[in-house]
There are 2 protein chains.
Amino acid sequence: MGEQGSRGPAAPARLRAGVPDATVARLPGYLRALRALADAGRTTVSSEALATAAGVGSAQLRKDLSHLGSYGTRGVGYEVAELVFHISRALGLGRRWPVVLVGVGNLGHALAGYGGFDDRGFSIAALFDVDERRIGERVGEQRVRHLDDLDDVVGAFGVCIGVIATPAHAAQDVCDRLVAAGVTSILNFAPTLLRVPPQVDVRKVDLSNELQILCFHEHRKGFALVEPLLDESMTGEVSA
Amino acid sequence: MGEQGSRGPAAPARLRAGVPDATVARLPGYLRALRALADAGRTTVSSEALATAAGVGSAQLRKDLSHLGSYGTRGVGYEVAELVFHISRALGLGRRWPVVLVGVGNLGHALAGYGGFDDRGFSIAALFDVDERRIGERVGEQRVRHLDDLDDVVGAFGVCIGVIATPAHAAQDVCDRLVAAGVTSILNFAPTLLRVPPQVDVRKVDLSNELQILCFHEHRKGFALVEPLLDESMTGEVSA
DNA sequence: TTTTGTGAAATGATTCACAGCC
DNA sequence: GGCTGTGAATCATTTCACAAAA
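Predicted, not measured: the structure shown is a model, and the values here were computed from it. (Residues numbered from 1 in each chain as written. Chains lettered and ligands numbered in written order. Predicted model: local features only at pLDDT ≥ 70, side-chain atom pairs only at ≥ 80, totals over all residues. Heavy atoms only, no water.)

Our next topic: the interface of chain A and chain B. The interface is formed by 74 residues belonging to chain A together with 74 residues belonging to chain B. Summed over both sides, the interface between chain A and chain B buries roughly 7,100 Å², with carbon and sulfur atoms accounting for 62% of that surface. Remark: the boundary between chain A and chain B carries six salt bridges. On inspection of chain A and its partner chain B, the count reaches 22 residue pairs in polar contact (both at pLDDT 80 or more). Here the side of chain A that touches chain B is built from residues that sort into 38 nonpolar, 18 polar and 18 charged. (Contact = heavy atoms within 4.5 Å. Buried area = accessible area lost by both parts, 1.4 Å probe. Salt bridge = Lys/Arg side-chain N within 4 Å of Asp/Glu carboxyl O. Polar contact = N/O pair within 3.5 Å; in protein donor to acceptor, adjacent residues only side chain to side chain. Nonpolar A, V, L, I, M, F, W, Y, C, P; charged D, E, K, R; others polar.)

Dropping the structure here:
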């Protein structure tokens with residue numbers, strides 16, 4: 001709770017059902033891989049094959065799944081459908097989760113139409129903005145509403161997840177209003193650190209951060225080409 | 001390298017300058033906090049204050065900075081400007097990084113105009129799409145070009161970072177073309193696992209994954225309200 | 001006195017390797 | 001024979017706590 005950041009620290013207190021955070025973060029990937037397998041007609045899969053499809057090691061996959069229970073068959077593998085069910089349940093996807101999205105600029109539009117939204121167990125309860133020119137605009141199934149209606153919607157639909165797609169300068173205020181309305185999980189696309197009470201979860205997605213991290217590795221790849229050459233030439237071990 | 005995923009595993013081989021991945025992932029946050037501090041007129045800051053501004057613990061901040069060098073003054077703190085310089089350098093932000101963006105739908109538009117792009121050391125070398133109706137469209141400073149021009153642009157600008165903002169079904173092909181053109185770091189917004197050669201870095205941003213992770217915690221908050229009550233009532237320890 | 005920098009301890013995550021089951 | 005589930009071992013990260021420096 002209150003971790004924030006795509007690669008945030010582990011949640012300090014795990015109340016029950018000790019599924020490690022690192023495992024939880026990989027479960028959606030397993031689900032996606034399983035669905036692709038199911039679409040391809042597979043009904044059963046080994047840890048090796050599923051791990052490859054999900055881009056992890058097979059030992060890691062088995063360890064991850066072992067935190068959820070024992071749903072495989074030795075010598076055979078896993079039932080695709082059964083595993084989808086158990087992972088979905090562990091993630092709390094047994095129900096439909098209404099989500100509110102605040103900020104209907106380009107990013108908001110993109111998120112609203114992402115597909116992976118309505119597709120999985122999420123549905124957009126409402127879209128909000130404060131720009132009068134956008135209020136009333138139709139986006140997908142929804143009409144954009146004024147942020148002042150937030151409390152009504154959150155109350156009526158029992159929303160507990162909010163997505164912030166506003167400019168940075170508006171994000172903290174929107175966040176405060178979401179929290180005041182009763183939202184307890186926030187996905188923040190604005191490049192700001194949000195201050196929230198401890199019971200509220202925040203995850204952050206930040207383009208600039210991601211680019212800078214890539215940059216670090218890229219930066220180092222440059223040296224990887226140069227430094228070994230230098231090192232070798234200095235020891236006279238050049239082979240070519 | 002080849003890690004993929006916002007919370008991917010640690011890069012297996014660190015070639016030089018042992019900055020842990022977890023630290024690298026936090027450096028952009030420190031940079032942002034420092035700039036906010038600088039804008040507010042601060043010229044010096046303690047680890048405690050900076051840590052608070054960045055949303056981490058002060059011990060963690062100091063340990064992270066210690067991987068870059070020893071740039072503080074005991075009893076005083078850090079020079080804001082100096083620290084910005086050293087963190088920027090560690091991240092490889094000493095130069096301007098040209099970036100290509102493929103996929104100019106809503107998401108692509110949002111990314112192109114994000115601000116945090118041109119703002120930090122990144123510049124968009126070109127925007128690409130394959131939809132004939134979009135080719136030639138102006139977005140910001142740029143004109144949308146056909147993906148077939150990719151090689152030319154990557155060659156001419158020495159681009160090594162690519163951003164994929166296409167639908168999922170097109171992502172792997174776009175990725176292959178980026179890699180073939182010489183791009184070695186990819187930021188992927190499409191909900192697919194990309195297959196890349198080992199020297200290529202991929203980071204993934206996926207709305208649906210993030211929502212599902214939030215969902216897990218949300219799901220558990222529900223039990224936090226119910227289960228302790230059950231446990232207590234079963235032991236007869238109810239105090240109210 | 002204040003605050004950094006850092007060994008050492010504690011915690012957490014991943015990988016190994018194999019016993020156990022089909 | 002093949003594959004899962006899992007303790008034990010390894011590796012990484014975070015936190016503690018304090019000596020050293022200004």
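Picking up where we left off.
When cut into domains, chain A gives domain 1 (21–90) and domain 2 (97–205). A separation of 31 Å is found between the C-alpha centroids of domain 1 of chain A and domain 2 of chain A. (Domains from an automatic or database assignment.)

So, on to the protein's contact with DNA strand C. Among the 23 residues in the neighbourhood of DNA strand C, the closest are listed as Arg26(A), Ser47(B), Arg62(B), Gly72(B) and Tyr78(B). Per the 4 Å cut-off to the protein, sugar and phosphate atoms form 62% of the nearby atoms of DNA strand C. One nitrogen or oxygen atom from the side chain of Gln60(A) is found 3.1 Å from a phosphate oxygen belonging to DNA strand C. Between DNA strand C and Gly72(B), the relevant distance is 2.8 Å, taken from a phosphate oxygen to a main-chain nitrogen or oxygen of the residue. In terms of residue class, the surface near DNA strand C is made up of six nonpolar, 10 polar and seven charged. (Near = heavy atom within 4 Å.)

What follows deals with the relation of the copies chain A and chain B. For these two chains of identical sequence, chain A goes onto chain B by a turn of 180 degrees and a shift of 0.0 Å along the axis, with RMSD 0.0 Å. What the superposition gives is, in effect, a two-fold axis relating one chain to the other. A high fraction, 100%, of the interface residues of chain A reappear at the interface in chain B, so the copies pair face to face through one surface. (Least-squares fit on C-alpha atoms with pLDDT ≥ 70 in both.)

Turning next to the protein's contact with DNA strand D. Close to DNA strand D lie 22 residues; Ser47(A), Gly72(A), Tyr78(A), Arg26(B) and Arg74(B) are nearest. When the atoms of DNA strand D within 4 Å of the protein are grouped by moiety, sugar and phosphate amount to 64% of the total. Arg62(A) places a polar side-chain atom, nitrogen or oxygen, 2.9 Å from a base nitrogen of DNA strand D. Gln60(B) is positioned such that a nitrogen or oxygen atom in its side chain is 3.0 Å from a phosphate oxygen of DNA strand D. Among the elements of the structure, helix 3 (58–66), strand 2 (72–73) and strand 3 (77–79) of chain A together with helix 1 (21–39) and helix 3 (58–66) of chain B are those that each provide at least two residues to the surface near DNA strand D. (Helix = DSSP H or I, 4+ residues; strand = E, 2+ residues; numbered from the N terminus.)

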